[in-house]
Structures are given as structure tokens and as C-alpha cells.
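# Examining the three-dimensional arrangement
This is what each chain is made of:
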Amino acid sequence: REGEGDWNDDEGCGGPLVDVRSFPTGLWVLSSDERLVRREFTARKRGAAMRFVNAVSELAEAANHHPDVHVTNWRDVRLDLSTHSVGGLTK
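Described in the following lines is the structure provided in the data block. In this text the structure is predicted, and so the values were computed from the model without any measurement.

A word on the pairing of strand 2 (residues 37–42). A regular strand places its side chains on the two faces of the sheet in alternate fashion. Here strand 2 shows a clear split, with Val37, Arg39 and Phe41 buried on one side and none of Arg38, Glu40 and Thr42 buried on the other. Bridge count for strand 2 against strand 4 (residues 76–81) is 6 bridges, and the pairing is antiparallel. If you follow Glu40 over to strand 4, its bridge partner there is Arg78.

This part covers the side chain of Ser31. Mapped onto the elements of the fold, Ser31 is located in the loop between strand 1 (29–30) and strand 2. A residue is classified by how much of its surface remains accessible, and Ser31, at 14% relative accessible area, is buried. At 2.5 Å, the side chain of Ser31 and the side chain of Asp33 are in polar contact. Polar side-chain contacts of Ser31 include one of 3.2 Å to the backbone nitrogen of Arg35.

Rules and cut-offs
Along each chain, numbering runs from 1 in the same order as the chain's sequence is written. Restriction of local features to residues with pLDDT of at least 70 applies here, the model being predicted, together with a cutoff of 80 or more for giving and counting side-chain atom pairs; totals for whole chains, interfaces and linings are based on all residues. Note that the side-chain values use all heavy atoms of the structure and ignore hydrogens as well as water. Only protein chains enter the area calculation, which uses a 1.4 Å probe; residues under 20% of their type maximum are buried, those over 50% are exposed, and those in between are partly exposed. Strands are runs of DSSP state E lasting at least 2 residues, helices are runs of H or I lasting at least 4, and numbering of each runs from the N terminus. Any two strands with at least two DSSP-identified bridges between them are counted as paired. Counting of polar contacts relies on pairs of N or O atoms within 3.5 Å, with two restrictions inside protein: one atom must be capable of donating a hydrogen and the other of accepting it, and residues adjacent in sequence are counted only when both atoms are side-chain atoms.

The analysis is restricted to geometry; functional conclusions fall outside its scope.
Written as C-alpha cells, this is what we have:
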């Protein structure tokens, strides 16, 4: 995967889309209101963060499921996953 070495997390910069029920403990966090799951990534360089955001965008479009993507501090990326049409998580 392009840019994988630019990430500080154990999983690299991406991976297959999975069912939220199978998310490994510690990688994705359920929000306190239980309406979304969240994961944060930190890239070593802004370019890697932007490549990751673009890859997420392409995968999300193909899956017709669009997470909220937040980029802060030029290299920190947060993904928030929920079902927008119902305002929360679905099974």
C-alpha cells in the first residue's frame, strides 16, 4: 500500500472495510452516545495523510457509505462511521 510506511499505527494506512461488529478492540472506539465508531490516525507527513483521505474517499464511494473525515494539525486524520440516514449505527 502506497504511503504505508508514513503511518505510526500498527495497521498501516488502511485495510479492508469491515463490519463494525468485528472491529478489533482498541482500534475503533464507540462514541459515548453509541451513535458512531471512531478511529484516529497520525501520519508522519501531510502528503501521506492526504493520500489516506483520498483512498478512504474512493473506498467509501464504492461502498456507498461515506464516513465523516476530519484532518487536523496537518497530519492527524479522524474517521467517524455511522449511518447518516438514521443518525446512528445500524446492524
